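Single-letter residue listing:
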Amino acid sequence: MTAEVLDIQDLDGVGPVTANKLREAGYDSISALAIAPIRELVEKAGLESSVAHKISKAALGSTNLDTLLGGGLETQAITEFVGEFGAGKSQISMKLSIQAQLSAAEGGLEGKVLFIDTEGTFAAQRVFQMAQASGQDADKILDGIIYSRVYNSDHQILTVDHAFKICKEENIKLLVVDSILSHFRGEYIGRESLSERQQRLNSHLHKLLRIAQALNLAVVVTNQVQANPQAFFGDPMRPAGGNIMAHASTHRIMLKKSSQGLRVAKVIDSPYLPESETYFRITEKGVEDAVPRNKRDE
Ligand code: ADP
Ligand code: MG
């Protein structure tokens, strides 16, 4: 998600003293540590073998949103970011709209973006700011985003019905719907309308998936949480949209606010991504990986 390289001191098991030893020996980044043979860490940096093992493992396993997503966004699939208001769903959607346009070598999908905004929270200035901060040509990035504000669920459905042609003609590689359910939830209130809502949602999601598959593009949707009255244990909040939503999403990632101004992203339902979690921070520059203080020991 971000090219921002964490400091080696952010790794599990690396305090200031060890960090200095490592830097003096020429290991100044996590990626350098990740590929260094353990024997070398022992000999060159004068570390205990057990410490070197631990650090090597931490460097290799240093998760960020990228690794959580298995190296980037998957095409021909729907990736769903779920979370309460302010969790960071729209910020991540905007960040991914930059990422998708980069070259494959930079972790991108080398195409344009169709951004369907149901809540009016897309901010071009914010995308500009993030693009600039990551060293991209911000004007070009904005030009590569086709923006569509939709005002109700009919409008949203119609927009996706017409999206295939646009996506094909414009080489769209990422289609974002932020957020997928807000209009549906606002318009269909009460038990008696639930099954109609779910039917329309189901067909809407299947159209998105068909576009993703036919054009080999990635679909990202955001979703809200709702109270789960059956939860006696564990998390009382669950993704909105029930089974229809759960079945349509290939990957579900739950976002939560955490302490120290950090946020947690957790894979909650995925056919092959590990049930991992990672911390991130929303900053002026964008979405950056982070490590909470209690995970930095020594
Ligand atoms: P969601 O879409 O899940 O409701 P957002 O993605 O809109 O949430 O996240 C909103 C949060 O992002 C804000 O509460 C704020 O903390 C953070 N944020 C937005 N812009 C910036 C910025 N320029 N610098 C730092 N934090 C920001
Ligand atoms: Mg939002």
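The model shown is predicted, which means the values in this text are computed figures rather than measured ones.

> Just checking my understanding: could you explain the pattern of salt bridges for this structure?
Side chains that differ in charge, positive against negative, can pair when their charged atoms come close. In this structure the tally under the stated criterion is seven salt bridges. Its salt-bridge partner being E80, residue R252 comes within 2.6 Å of it at the nearest N-O pair. Here R252 is found in strand β8 (residues 251-257), whereas its partner E80 is found in strand β1 (residues 77-83), with 172 residues between them in sequence. K112 serves as the salt-bridge partner of E170, at 2.9 Å between the closest nitrogen and oxygen. Of the two residues, E170 sits in the loop between α10 (163-169) and β4 (172-178) while K112 sits in strand β2 (residues 112-117), which places them 58 residues apart along the sequence. Among the residues examined, K112 registers a relative accessible area of 30% and is labelled partly exposed.

> Can you walk me through the pairing of strand β11 (residues 286-290) in this structure?
Regular strands place their side chains on alternate faces of the sheet. Among the five residues of β11, five are classified as buried, and the element is accordingly described as predominantly covered. Bridging between strand β10 (residues 277-283) and β11 involves five bridges; their strand directions are antiparallel. Its bridge partner lying in β11, I282 is registered against V287. Where β10 hands over to β11, the hairpin turn is made up of two residues, counted between the paired strands.

> Hey, could you run me through the packing of helix α9 (residues 153-161) against helix α12 (residues 194-215) in this one?
Packed helix pairs are specified by the crossing angle of their axes together with the interaxial distance, meaning the distance between the axes. Relative to each other, α9 and α12 sit at 25 degrees, their axes nearing to 10 Å. Of the possible angle classes, the one that applies to α9 and α12 is roughly parallel. The handedness of the crossing between α9 and α12 comes out as left-handed. Taking contact as the criterion, the partners of S153, D154, Q156, I157, V160 and D161 in α9 are, on α12, R200, H204, K207, L208 and I211.

> Would you mind going over the site of ligand 1 with me for this structure?
Around ligand 1 sit 14 residues, and of these G86, G88, K89, S90 and Q91 come closest. A87 has a polar backbone atom sitting 3.2 Å from an oxygen atom of ligand 1. In the environment of ligand 1, a nitrogen atom lies 3.5 Å from a nitrogen or oxygen atom belonging to the backbone of E284. Here ligand 1 loses 68% of its free accessible area of 570 Å² to cover by the protein chains.

> It is not clear to me how unusual backbone geometry should be interpreted in this structure. Could you clarify?
Peptide bonds are, in most cases, trans, and in most cases residues other than glycine have a negative phi. A cis geometry characterises the amide bond from D178 onward to S179, with omega recorded as 0 degrees. Relative to the helices and strands, S179 resides in the loop between β4 and α11 (182-187). Backbone geometry places Q76, a non-glycine residue, at a positive phi of 60 degrees. You will see that N171, though not glycine, has its phi angle at about 50 degrees, which is positive. Of note, N171 is situated in the loop between α10 and β4.

> I'm lost on the packing of helix α6 (residues 89-99) against helix α7 (residues 124-133) in this one. Help?
One way to put it is that α6 packs onto α7 with a least axis distance of 10 Å and a crossing angle of 55 degrees. Judged by the inter-axis angle, α6 sits oblique to α7. Crossing hand, α6 versus α7: right-handed. Listed contacts from α7 to Q91, M94, K95 and I98 of α6 are R126, V127, M130 and A131. Looking at side-chain class alone, the contact of α6 with α7 contains five nonpolar, one polar and two charged residues.

> Can you help me understand the packing of aromatic side chains in this one?
Aromatic ring pairs are described here by two measures, namely the spacing of the ring centres and the angle between the planes. Scanning the model with the defined rule gives two aromatic pairs in all. Three or more aromatic residues link up through ring pairs in this structure, and these residues are F115, F122 and Y147.

> It is not clear to me how the side chain of S93 should be interpreted in this structure. Could you clarify?
Structurally, S93 is set in helix α6. Within polar-contact distance, the side chain of S93 engages the backbone oxygen of K89 at 2.8 Å. Once you skip the residues sitting within four places of it in the chain, S93 turns out to touch F115, V176, D178 and T222.

Rules used in this analysis
Residue numbers run consecutively from 1 along every chain, following the written order of its sequence. Whichever chain is written first is A, and whichever ligand is written first is 1; the rest continue in order. Owing to the predicted nature of the model, reporting of local features is limited to residues with pLDDT of at least 70; listing and counting of side-chain atom pairs is limited to 80 or more, with chain, interface and lining totals taken over all residues. The basis for the side-chain values is all heavy atoms of the structure; hydrogens and waters are excluded. Each salt bridge in this description consists of a side-chain nitrogen of Lys or Arg and a carboxyl oxygen of Asp or Glu lying within 4 Å of one another. What counts as a helix is a DSSP run of H or I of at least four residues, what counts as a strand is a run of E of at least two, and both are numbered from the N terminus. Relative accessibility thresholds used throughout: buried, under 20% of the residue-type maximum; exposed, over 50%; partly exposed, between the two (1.4 Å probe, protein chains only). One requirement defines pairing of two strands: DSSP has to find at least two bridges between them. Between N-to-C directions, angles span 0 to 180 degrees; the directions come from axes that are lines fitted to C-alpha atoms, helices contributing only their stretch in contact. Working definition: roughly parallel below 35 degrees, roughly antiparallel above 145 degrees, roughly perpendicular at 65 to 115 degrees, and oblique for all remaining angles. In this scheme, a crossing is called left-handed if the near helix is turned counterclockwise away from the far one by less than a right angle; it is called right-handed if the turn is clockwise. It only takes one pair of heavy atoms within 4.5 Å for two residues to be counted as in contact. Residues are labelled near a given molecule or strand when at least one of their non-hydrogen atoms is within 4 Å of it. Nitrogen and oxygen atoms within 3.5 Å of one another constitute a polar contact, given that in protein one can donate a hydrogen and the other can accept it, and given that sequence-neighbouring residues count only through two side-chain atoms. All accessible areas in this document rest on Shrake-Rupley with a 1.4 Å probe, and a residue is counted as covered only by the protein chains that are shown. Throughout this entry, Asp, Glu, Lys and Arg are counted as charged residues, while Ala, Val, Leu, Ile, Met, Phe, Trp, Tyr, Cys and Pro are counted as nonpolar. The remaining residues, Gly among them, count as polar. The pairing test for Phe, Tyr and Trp rings, Trp by its six-membered ring, is centres within 6.5 Å, and the orientation test on the planes gives stacked under 30 degrees, edge-to-face over 60, and tilted for anything in between.

By themselves, these observations are geometric and do not establish any function.
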